[in-house]
Every structure is written in structure tokens, then in C-alpha cells.
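Single-letter residue listing:
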Amino acid sequence: MASLAEKRIADAKEHSDPQARPEELRLLEALLFASSEPLDQAALAKRMPEGVDIKVALAQLQAEYASRGVNLVRIANKWTFRTASDLSWLMTRESTETRRLSRAAIEMLAIIAYHQPGTRAEIEEIRGVMTSKGTLDVLLETGWIRPRGRRKTPGRPLTFGTTEAFLSQFSLEALSDLPGLEELRGTGLLDSRLPSGFSVPTPSDNPALRDDEDPLEIGDLELALAPAVEPESGGRS
Amino acid sequence: MASLAEKRIADAKEHSDPQARPEELRLLEALLFASSEPLDQAALAKRMPEGVDIKVALAQLQAEYASRGVNLVRIANKWTFRTASDLSWLMTRESTETRRLSRAAIEMLAIIAYHQPGTRAEIEEIRGVMTSKGTLDVLLETGWIRPRGRRKTPGRPLTFGTTEAFLSQFSLEALSDLPGLEELRGTGLLDSRLPSGFSVPTPSDNPALRDDEDPLEIGDLELALAPAVEPESGGRS
Amino acid sequence: MSAEILSFETGRPAELSDDEPSLVVDVEGYEGPLDLLLALARQQKVDLAKISILALANQYLEFIEAARKIRLELAADYLVMAAWLAFLKSRLLLPEIPSADGPSAEEMATALANRLRRLEAIREASNRLMNRPQLNRDIFPRGDPEIIAEIRHPRFTATLFDLLTAYAAQRQQRVLATVHLAKRTVWSLTEARAALERLVGMAQDWSRLDQYLINYVVEPSQKATVFASSFAAALELVREGELELHQKEAFSPLYFRKRPPQPVSDAMTAPDLPAE
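The text that follows walks through the structure, step by step, so that each part is easy to find. Given the structure is predicted, the values throughout are model-derived calculations rather than measurements.

**Quick word on the overall build of chain A**
Then, in step 1: Within chain A one finds ten helices and seven strands.
Then, in step 2: Relative to its full complement of 237 residues, chain A shows a buried share of 50%.
Then, in step 3: Taking the contacts inside chain A whose residues are at least 6 apart along the sequence as the reference set, 58% of them involve residues at least 24 apart.
Then, in step 4: When the accessible surface of chain A is summed, it comes to about 11400 Å², and 54% of that surface belongs to carbon and sulfur atoms.

**Concerning the packing of helix α5 (residues 103-115) of chain A against helix α4 (residues 105-130) of chain C**
Then, in step 1: Close contact between α5 of chain A and α4 of chain C brings their axes to 9 Å; oriented N to C, the two are set at 100°. For the element pair α5 of chain A / α4 of chain C, the angle class is roughly perpendicular. Of the residues in α4 of chain C, those touching α5 of chain A at Arg-103, Ile-106, Glu-107, Leu-109, Ala-110, Ile-111, Tyr-114 and His-115 of chain A are Leu-119, Ile-122, Arg-123, Ala-125, Ser-126, Leu-129 and Met-130 of chain C.
Then, in step 2: Taken together, the residues of the contact of α5 of chain A with α4 of chain C break down into ten nonpolar, two polar and three charged.

**Points about the sheet that holds strand β7 (residues 158-162) of chain B**
Residues and elements named next belong to chain B.
Then, in step 1: Read from one edge of the open sheet, four strands run β5-β7-β6-β8, paired in antiparallel fashion. With one partner strand each, in any of the chains shown, β5 (118-119) and β8 (213-214) form the two edges of the open sheet.
Then, in step 2: Pairing between strand β6 (residues 145-151) and β7: five bridges, direction antiparallel. Looking across to β7, one finds that Ile-145 is bridged to Thr-162.
Then, in step 3: Contacts between helix α7 (residues 133-142) and the sheet are confined to β6 and β7, with β6 contributing the most and set at about 115° to the helix.

**Thoughts on the sheet that holds strand β5 (residues 145-151) of chain A**
All names here are of chain A.
Then, in step 1: Pairing is antiparallel across the open sheet formed by four strands, whose spatial order is β4-β6-β5-β7. Each edge of the open sheet carries a strand with a single partner, namely β4 (118-119) and β7 (213-214).
Then, in step 2: Where helix α7 (residues 133-142) meets the sheet, its contacts fall on β5 and β6 (158-162), and the angle it forms with β5 comes to roughly 120°.

**Remarks on the packing of aromatic side chains**
Then, in step 1: Going through the model one piece at a time under the given rule, you end up with twelve aromatic pairs over all chains.
Then, in step 2: Through a chain of ring-to-ring contacts, the aromatic side chains of Phe-33, Tyr-65 and Phe-81 of chain A together with Phe-33, Tyr-65 and Phe-81 of chain B assemble into a single cluster.
Then, in step 3: Looking at Arg-68 of chain A, its charged tip hangs above the ring of Tyr-65 of chain A, at a distance of 5.5 Å from the centre.

**Overview of the pairing of strand β2 (residues 70-75) of chain A**
When a strand is regular, its side chains alternate between the sheet's two faces.
Residues and elements named next belong to chain A.
Then, in step 1: Pairing between β2 and strand β3 (residues 78-83): six bridges, direction antiparallel. Note that in β3 the partner of Leu-72 across the bridge is Phe-81.
Then, in step 2: Hairpin connection of β2 to β3: two residues between the antiparallel strands, including Ala-76 at a positive phi of 50°.

**Notes on the environment of Tyr-167 of chain C**
Then, in step 1: Locating Tyr-167 of chain C in the fold gives a position in helix α5 (residues 160-183).
Then, in step 2: Aside from chain neighbours lying at most four places away, what touches Tyr-167 of chain C is Ala-110, Ile-111, Tyr-114, His-115, Leu-184, Val-200 and Pro-201 of chain B.
Then, in step 3: Reaching out from Tyr-167 of chain C, the side chain makes a polar contact with the side chain of His-115 of chain B at a distance of 2.6 Å.

**Thoughts on helix α5 (residues 103-115) of chain B**
Residue and element names in this part refer to chain B.
Then, in step 1: Taking 1.5 Å per residue, 13 residues should reach 18 Å; α5 reaches 18 Å between its end C-alpha atoms and fits that length.
Then, in step 2: Among the 13 residues of α5, eleven are classified as buried, and the element is accordingly described as predominantly covered.
Then, in step 3: What α5 keeps buried is the set Ala-104, Ala-105, Ile-106, Glu-107, Met-108, Leu-109, Ala-110, Ile-111, Ile-112, Ala-113 and Tyr-114.

**Looking at the environment of Leu-189 of chain B**
Then, in step 1: With respect to the helices and strands, the residue Leu-189 of chain B is situated in the loop between α9 (181-186) and β8.
Then, in step 2: Looking at Leu-189 of chain B, the relative accessible area reads 18%, which means it is buried.
Then, in step 3: Apart from the residues lying within four places of it in its own chain, the contact partners of Leu-189 of chain B are Leu-184 of chain B together with Phe-161, Leu-164, Thr-165, Ala-168 and Gln-172 of chain C.

**Observations concerning the interface of chain B and chain C**
Then, in step 1: Each partner contributes to the interface: chain B provides 50 residues, whereas chain C provides 34 residues.
Then, in step 2: Of the roughly 4100 Å² buried between chain B and chain C on both sides combined, carbon and sulfur atoms contribute 61%.
Then, in step 3: Seen at the junction of chain B and chain C, the total is one salt bridge.
Then, in step 4: Note that Asp-144 of chain C and Arg-82 of chain B form a salt bridge whose closest N and O atoms lie 3.1 Å from each other.
Then, in step 5: On inspection of chain B and its partner chain C, the count reaches nine residue pairs in polar contact (both at pLDDT 80 or more).
Then, in step 6: Contributions of two or more residues to the side of chain B that touches chain C are made by α2 (23-34), β3 (78-83), β4 (92-100), α5, α6 (120-127), α7 and α8 (164-169) of chain B.
Then, in step 7: When residues of the side of chain B that touches chain C are assigned to their parent elements, the largest contribution, nine residues, is made by β4 of chain B.
Then, in step 8: Residue composition of the side of chain B that touches chain C, grouped by class: 26 nonpolar, twelve polar and twelve charged.

**Observations regarding unusual backbone geometry**
Then, in step 1: The residue after Gln-116 of chain A, namely Pro-117 of chain A, is reached through a cis peptide bond having omega -5°.
Then, in step 2: A positive phi is found at Arg-156 of chain B, a non-glycine position, where the angle reads about 40°.
Then, in step 3: By secondary structure assignment, the location of Arg-156 of chain B is in the loop between β6 and β7.
Then, in step 4: Even without a glycine there, the phi angle at Asn-136 of chain C is positive, about 65°.
Then, in step 5: The residue Asn-136 of chain C is located in the loop between α4 and β3 (149-157) in this model.
Then, in step 6: We classify Asn-136 of chain C as partly exposed; its relative accessible area is 27%.

About the thresholds
Residue numbers run consecutively from 1 along every chain, following the written order of its sequence. Ligands are numbered from 1 and chains lettered from A, in the order in which they are written. Totals for whole chains, interfaces and linings use all residues, but because this is a predicted model, local features are given only for residues with pLDDT of at least 70 and pairs of side-chain atoms are given and counted only at 80 or more. No hydrogens and no water enter the side-chain calculation; it runs on all heavy atoms of the structure. Only runs of H or I of at least four residues qualify as helices and only runs of E of at least two qualify as strands under DSSP, and these elements are numbered from the N terminus. Residue burial is assigned from relative accessible area. The probe radius is 1.4 Å, only protein chains are included, and a residue is buried under 20% of its type maximum, exposed over 50%, and partly exposed in between. It only takes one pair of heavy atoms within 4.5 Å for two residues to be counted as in contact. Throughout, the Shrake-Rupley method with a 1.4 Å probe supplies accessible areas, and for residues the shown protein chains are the sole cover considered. Axes, fitted as lines to C-alpha atoms, cover a helix only where it is in contact. Angles between the N-to-C directions of the axes lie from 0 to 180 degrees. Orientation is classified from the angle alone, with under 35 degrees giving roughly parallel, over 145 giving roughly antiparallel, 65 to 115 giving roughly perpendicular, and any other angle giving oblique. Throughout, the ten residues Ala, Val, Leu, Ile, Met, Phe, Trp, Tyr, Cys and Pro are labelled nonpolar, Asp, Glu, Lys and Arg are labelled charged, and all others, Gly among them, are labelled polar. Two strands qualify as a pair provided DSSP detects at least 2 bridges between them. Only Phe, Tyr and Trp rings are paired, with Trp represented by its six-membered ring, and only when their centres lie within 6.5 Å; those with planes under 30 degrees apart are stacked, over 60 edge-to-face, the remainder tilted. Only Lys NZ and Arg CZ are tested; either one counts as a charge over a ring when it is within 6 Å of the ring centre and within 35 degrees of the ring normal. Here a polar contact is taken to be a pair of N or O atoms separated by no more than 3.5 Å, where protein atoms must pair a possible hydrogen donor with a possible acceptor and residues adjacent in sequence count only if both atoms sit in side chains. Multiplying 1.5 Å by the residue count of a helix minus one yields the expected span of that helix. Summed over both partners, buried area is the accessible surface (1.4 Å probe) that two parts give up on being assembled. Any carboxyl oxygen of Asp or Glu that lies within 4 Å of a side-chain nitrogen of Lys or Arg is treated as forming a salt bridge with it.

Structure representation (C-alpha cells):
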């Protein structure tokens, strides 16, 4: 038994043959492990020795860790280590209480994600029901959505989009990885404003405003987050 | 080039051959990575499948990571991942900030400049106030002064002088370019009614030690730069 | 509103199987009329694209009727939808009258079917989204990120002017401070007078001024100032009539005593001179 154990440890040592492994992988590993935030390629490259192909190095590191308990993932063009998703059963963390969103909030989040940028009226149009201000507040509080501009229509309603925290929360590399996005686009159901059959715009969290958006004004953020009851929400729960 | 990169990535995939690697290593990896504090063997064993020899598994994981940028280390009988100690230089972020010298520091610098080489006690004697260790530290941090020797008196105090960086900071070609008594009077910086005995020394930053100076000893520089609170600096300015 | 459960018998359209259990509806559970319609449409168990809008409209209207029978309060939204569906139903049943304005009944039905499909699609999407591995639920970041130390490189600023000003001000200040300290060695007139007054009280007979003064002079360097100040103070006390002074000849010792109280007539009599 002891000899088998020793063999395994010796194997492990050999397995991690330091000679064959480029130093930059060690550096990347260390940086990404240590950081509390995902790091983008530029930030990583700055710390690498000259002449390192950071793209190749990251791909190599990702491949190395793919089968491990910790994986290298990309979120919104930033890199970070995360525990492997198949090990969630192991990771029950008593202390973390995951917030349970209401069904209304979940649907609203999905609509914003798939249709962004969208106004509250557009969201309500899809759900066929008015949305309480509280639901929007809860979503804003998660940090997964943000007001991004104002639609150039009468009333200049706020437009909402998702954030990087949203991608990070749902392990999405980019918005194009949204589940079922292709099917939704195929059925032509994605854009509420267009009859089916038209070409459908892809949801975009590109911070650049669209043609039909105006920038936010000072105070818009406070407004969007204010717990006040909106007069037009007709006092429904 | 592309083919080499592809080869490296393919190598990495093969390298991390999932078949050969026991599942418990993945579990340990994930647990240790996600934990906010080091975990002891018992806590880890509780989460492992039956029959896992946790000792062997930890030793194997430690061997695997030994040459990596992140090491598995044991601290007070608890296990945790830490970035390799040789990469601590990587774990820093550099930034520059502009700082103004305090009045005390400028005064001290000026007195060192004119009266060098001088010990701290001599500087204080001229200034008429005790100097906090902090002020001296700041000056040493500027790189404008340096300890140059030790005075051959009881206690063998360090003598300080200015550096080349000092000259370049103040655009002086040589220390002798510092204005003398008459020039200072001429600029109005010195009152013309000063007593007749008043003089301004002609400073010299000649690196050659004077007769009353001993050379620095090993460790003197560290000493001078140490941020420690000096017991004798009881009265601070 | 009490949590009334409405047992709802559907007037099942032909295409629905007869073994369909009766729908138990809690209207509170629905998020609006579209949600209710979608729930009803699902009972048709066909692709939403092939749904019978007419059958759906019937189901919905029956639901509303049943709800009203037991006086269930329905939000205005539900009633608006009911009115619209009733209108749609009548249009669908009547032979289509070609009309220039407005969408045809078929188009309206298709639009409703599309809305339902879209709601269904977004629900499906939101389920799939929620089932993705979520951060801090299924996957975890580094639990104990290491501190990335920030090394600040201070760039100190100071000009030659700062330096010279500081030096000049500092030196000057010290010079003045020294002068001030030297002043302290001077015996002021006030100090001298106070000392003399105390002396005069003690000495009843003629005393040598310098003998007393020696007691006060600690350092030889102070002798001159003490002597001068005392002499001046003594003269002042004489003028005030407190003291008498006597000197035999120039540079000989000075004697003093408290002026004895005497009648004015004696003023001219020669004083008793101190013994030599």
C-alpha cells in the first residue's frame, strides 16, 4: 500500500515535469489564482516577460486545467479560475445564501438578457403584465442588470442591459452564449418590436449606445434604484 | 508558428490526462481553491468519497503543484493553495504618486545639504528640534540623501550627505552651486540684520570620508531605511 | 380576496382528449391574462404554432365566466383580454368581410399565437438560464484571493526655492532664538528691585551692596548685569525714600540700609556712618 502511494506521488512529480512547462504558465497561474477579479488579456500581458504569446499561453493553461477540479474560464474577455461546474455537489457552502428570485424577476431578467437593450414597457409587452417597481429594484440590486441609456421615444424611458456580473453569475463567456439564443433567433421571436420573419438583432451588452438610445443623465442611476413607488405602476404588487 | 502553438495546447491537454488522475484530486483541488480559509485534513476527508487515502491524495496534489505557479502548502496543519513564493514579485501592482515633502523634511534636507556630512544629532542641534524617525525615512525614500559613514564619536552615529539624485532634483551642477551667505542675503531670503558671527557653510558632498568618519558597515543601509520606531526618538516634532 | 380555488370545467374543444383532467385554477397564481392563456393553451398539447386560437378564446371566456359566477374579483387586464377575445371569436366565426382597414381576424389570431409563443420561449430561456451553473451556487471563485500588494512609487516634489527658503528661515529662526536665550542672563530692573526690597527688610544696619549681591550671582558672567541692575534699583529706592546709600569715595564699596523712620527736623543731621 505504502509503495503504491509512493508511486502515485512520484508519478505526480514526474507528471508535473517543470522542464517541459513554459515559465509563463506558472506566472499566469499565479496571477489568476491570486486575483479576486477576472483579469483581461492586457492586464496579464503587462506582467509577462517580453515575447510571450499570451493567447497561446492562456489556451494552453485552459487545456491543462480543463479536466481538473478548477477550470480556467473566460468571462466577458476576462480570465479567471472557477471550480468545475460538475463539482457543485461538493461545494455546498453553508454560509452562502443564494438569493431566490421571484418568477417575475427571473422572467424579467431573461427578457432583458435576450432582448437588450430594452425598456420596461418592452419587457411588460412580452410578459403581458405590468411589472412592479420592486421587481426591477431587486434585479438592479443583484448587479446583473443596469440602466444603460434612454430610448429616443416619447417619455424617454430608461433602457436596461446586463452587466459583466451577469455573465460571471451564469458562467457565460459572452452574451452570444445565452442558452437557446440560436433557437430563439431562428423562430423570429426575439424582437418584440418586429413581426416574425424579419431579421432579428442579436442582444448586445456592448456599452456603446445604439442609435435609438440617448446617454443616461446625472441622477438616472439614483432614480432607477430609488425605492419610491412609481405613480404609473398603478399600485400593483 | 500556429502549428507550434497548436501543438503546445494539444500537449497540455494530453499532459493533464484525466484518465490517469484520480477523481479525489479534482475534489481536493476544488475544495481548497474555493475555501476562504485553510482546511485541515479532517474537514477535507469528510467531503471525500469512501476509501480515499486523504494523506496520499494531498501528498500527490502537493507534488503535482510543486513546480507550478501555485503551490499546495500546509500551514499549521491546514492545507491551502498559495502562489509560489518565488513569484511574489509578480503579486504587486506598481503605481506612482506625487508627494510633497513636509516642511520638517525640507528643513532637514536643507540642513543636511548645507552642513553635510552631519549626524542626526547635529542636524537636530542646528534645527533646534528633535526629528522624528519618519522624517528621516521619508528623506531616505526620496533618494536625495544617503548615509555615508559613521562619526568617530561615542555611539558612532551615521553621517548623512546628499546624493546625485539630489543635485539632479534641484538642477544643481554641483553642491557648491548652492547659494552662500551673501547670495542668500541678496535674494532677501536671509535677513541682512543677522549677527556678525552668522555664517553659512560651504557644503561638500565629496564621497571621500572625512577624518572623523568611519566607513559604513554591512547592514547600515537597511538600518537607515528600516521603518521601525526608534526608541530614542522619544520627543518627536 | 380569500384564497378561493376555482374548479374550472372546460368546455373542451374537439381536438382535446377527453381524459384531460379538469383544470384547477387559482387565479392568483397567474401573472396576467397572457400567462393564463399560455396555461390554457398548453392544455391543447399541441405545438403552439398550431394552436386553435378559437378554442383558446372559448376556454378563456369560460374561465372568466366561471370566475364571475363565484364573484371572483378579476383584475381589469383579464376583463380587457376577455373582451378582446370575444371580439376575435366573433370575427373568426363570421365569414371574413374583405376590409381595407385593420388586420384580418386571421392576422389577429396569428399575432396572439406569436405572443404566446414568445412568452413560452422566454420562459424556456429563463429556465435554461437559471439552470446554468451559477456562481457561488454551483461554481466558485477563489475563496481566499491573495493580496496583490500595491507598490507605490512616490515621486517627491520640492524646488530649490523650497529648499533655500526652508534653510534660510530655519537658520534665521535659530539665530533669533539664541539671542533671546542670551537675554535671560540679564537681571532686569524689576528683578533687582524685588531682590533689594527683600534685602532691605533683612538688614537693619548698613550693609555692603556687593556682599549681598554675591549671594545672588551664580555665574561670574552675570556679575556686571546684577550689579548694574541692583545699583539702578537702589537709586530708585533711595529716591522713593525707602533706602539710604553711602559711599566713602569713588570706587569704594557701596553701603545701604533701610531708611530709619525720623522726624522731619532730623533730616539734616548727619547719618551714623558705617564702621570701616
